[in-house]
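What follows is the residue order along each chain.
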Amino acid sequence: MDNFDDQVCKECIAVGEYTGDDPSQVAKLLGCNRTNEIQIRRAGTKYKIEIYQIVNRKTVKIIADGNVSLDSVYSLLMEILRFENLYEGIFFMFTSFKVDGAECIEKYRKVFLNYTHSNKQYVMLPMDFDDQAYKKLFLKSQKVIKKAFLRHQAFLNALFVNDLTVDVRMSLILEVFESLVNELASNGEITLKAQPYITYKNTCSKCGAPMKKTVPNKKVFLFDKLYAIMKQYGKDIFVGDSKTKIARKSKNLRNKIDHISKQKNAMQGEQAGFYLHKFGLMYRIIILKMIDGYNDEIQRTVNTWTVAMNNSYAPYRILP
């Protein structure tokens, strides 16, 4: 990577603020005041990472025990921010980016990933961990995210990149779930009417060696996958909603966007925006459960949020 012109450094301090478009959203951060400090080793280098958050301002300080590429430090910074985003549901837009004490925000602003400029905020989940628990969850999250990095990037783009229309956002996150359900079903963690892939065994006509070919099972549709994952992981989020109708309208929306075709009974407008919040939260919950980062306090927050959303946006719900 040449994003940072091969610059090396020992210390990077990134400061971000969340302002948002709605003062009531910013007000939700008033109770946030936390500090975490961890140390990790990467490629022979020891890093000390300090995170400070006071209300809507966050500082991440990374100190290496020797000169390393700024690319490496920035990658570690983004890992921290993506991990915290699973809980916070927001990104703090960079206001300062100091490298070895020198302010570089304007020099490197264009390098920062699009979703780090986001003004979007989704439900904030409790994130009150001591340093040991924080490090354990962070390292677990990296294993899960790196295993399907492009899928997680698609999730982040769907929810946080500014200026995307809601139907495009919804279509993108549905693609995320299609991939995720394929993985969960293949691992036996979710039940579909059939396996998402079919493996054919054959013999090479030239050398006689055994061969395998795995292809998608065309008898398992996006509707089946969305219904299955809502039924297993979205019981609280979609309580009282019609999962069958949601899966059908979601599938129609995806087909409308991806295949550029007219679709009747497709989710659209404010209704798509409402369910984008629910699908986004369900994805975060699945990842948190994968890393053992889900707890009773988060569960209570999810239940409270669901009731509030259902009451506030009742006209957009899809009911039985």
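Values in this document were obtained by computation on a predicted structure and should not be read as measured data.

Caption draft 1: Quick peek at the nonpolar core. Core analysis: the biggest nonpolar cluster contains 93 residues, and Tyr87, Phe97, Ile173, Phe177, Ile229, Phe279 and Met282 have the highest contact counts within it. When residues of this core are assigned to their parent elements, the largest contribution, 12 residues, is made by helix 9 (residues 269-290). Excluding its chain neighbours within four sequence positions, the residues that come into contact with Ile173 are Phe155, Ala158, Leu159, Leu276, Phe279 and Gly280. Grouped together as the second largest cluster of nonpolar side chains are 5 residues, Tyr18, Leu29, Cys32 and Phe92 included.

Caption draft 2: Fine view of the side chain of Lys249. Checked against the element boundaries, Lys249 lands in helix 8 (residues 243-258). Ignoring any residue separated from it by four or fewer positions in sequence, one finds Lys249 in contact with Asn265, Ala266, Met267, Gln271 and Ile318.

Caption draft 3: Quick peek at the packing of aromatic side chains. Applying the stated criterion across every chain yields a total of 25 aromatic pairs. With a centroid separation of 6.5 Å and 85° between ring planes, the pair formed by Phe155 and Phe160 is classed as edge-to-face. Positioned above the aromatic ring of Tyr294, the side-chain terminus of Lys289 is 5.1 Å from the ring centre.

Caption draft 4: Summary view of the environment of Lys243. If you trace the backbone, Lys243 turns up in helix 8. Separated by 230 residues in the primary sequence, Lys243 and Ile13 have C-alpha atoms spaced 45 Å apart. In this structure, Lys243 is in contact with Tyr227, Met230, Lys231, Gly234 and Phe238, ignoring residues within four places of it in sequence.

Caption draft 5: How the structure looks around the sheet that holds strand 5 (residues 93-99). The antiparallel open sheet is built from 6 strands, whose spatial order is 2-3-4-1-5-6. What marks the edges here is a single partner per strand, and that holds for strand 2 (33-42) and strand 6 (102-103). Of the strand pairs in this sheet, strand 2 and strand 3 (residues 45-54) are connected by 10 bridges, and their pairing is antiparallel. Bridge pairing links Ile38 to Ile49 in strand 3. The strands that helix 2 (residues 70-88) touches are strand 1 (8-17), strand 2, strand 3, strand 4 (57-69) and strand 5; relative to strand 4, the one it contacts most, it runs at about 150°. Contacting strand 2 and strand 3, helix 4 (residues 131-147) runs over the sheet at an angle of about 60° to strand 2.

Caption draft 6: Structural context of the packing of helix 9 against helix 10 (residues 296-312). The N-to-C vectors of helix 9 and helix 10 enclose an angle of 170°; their axes lie 12 Å apart at closest approach. The orientation of helix 9 with respect to helix 10, classified from their angle, is roughly antiparallel. Of helix 10, the residues touching helix 9 (which contributes Phe274, His277, Lys278, Leu281, Ile285 and Leu288) are Ile298, Val302, Trp305, Met309 and Asn310. The residue inventory of the contact of helix 9 with helix 10, partitioned by class, reads 8 nonpolar, 2 polar and 1 charged.

Caption draft 7: Seen up close, empty space enclosed by the protein. Scanning the entire structure with this criterion turns up 2 cavities of 30 Å³ or more. There is about 100 Å³ of room inside the largest cavity. If you go around the largest cavity, the residues you meet are Ala14, Val15, Gly16, Lys58, Val60, Leu77, Leu81, Glu88, Ile90, Phe91, Phe92 and Phe94. Mapped by element, the contributors of at least two residues to the lining of the largest cavity are strand 1, strand 4 and helix 2. By volume, the second largest cavity amounts to about 40 Å³. What lines the second largest cavity is Val144, Ile145, Ala148, Arg151, His152, Tyr283 and Ile287. Among the secondary structure elements, those contributing two or more residues to the lining of the second largest cavity are helix 4, helix 5 (149-160) and helix 9. When the residues that make up the lining of the second largest cavity are grouped by side-chain class, the tally is 5 nonpolar, 1 polar and 1 charged.

Caption draft 8: Geometry of the layout of surface pockets. Estimates place the volume of the second largest pocket at around 250 Å³. Looking at the second largest pocket, it is lined by 13 residues, and the ones nearest its centre are Cys32, Met124, Leu125, Pro126 and Met127. Those elements that provide at least two residues to the lining of the second largest pocket are strand 2 and helix 10. By residue class, the composition of the lining of the second largest pocket is 5 nonpolar, 4 polar and 4 charged.

Caption draft 9: Focus on helix 2. The first and last C-alpha atoms of helix 2 sit 26 Å apart over 19 residues, in line with the 27 Å expected at 1.5 Å per residue. Most of helix 2 sits inside the fold, with 17 of its 19 residues counted as buried. One or two residues past the end of helix 2 sits Gly89, with phi positive at roughly 70°.

Rules and cut-offs
Residues numbered from 1 in each chain as written. Predicted model: local features only at pLDDT ≥ 70, side-chain atom pairs only at ≥ 80, totals over all residues. Heavy atoms only, no water. Core = buried A, V, L, I, M, F, W, Y, C linked by side-chain atoms within 4.5 Å. Buried < 20%, exposed > 50% of the residue type's maximum accessible area, 1.4 Å probe, protein only. Helix = DSSP H or I, 4+ residues; strand = E, 2+ residues; numbered from the N terminus. Contact = heavy atoms within 4.5 Å. Phe/Tyr/Trp six-rings, centres within 6.5 Å; stacked < 30°, edge-to-face > 60°. Lys NZ or Arg CZ within 6 Å of the ring centre and 35° of its normal. Pairing = 2+ DSSP bridges. Axes fitted to C-alpha atoms, helices over the stretch in contact; angles between N-to-C directions. Parallel < 35°, antiparallel > 145°, perpendicular 65-115°, else oblique. Nonpolar A, V, L, I, M, F, W, Y, C, P; charged D, E, K, R; others polar. 1 Å grid on protein atoms, 1.4 Å probe; cavity = no way out; pocket = protein on both sides within 12 Å on 5 of 7 lines; lining within 4 Å. Points joined across faces, edges and corners; volume = space filled by probe spheres on them. Expected span 1.5 Å × (residues − 1).

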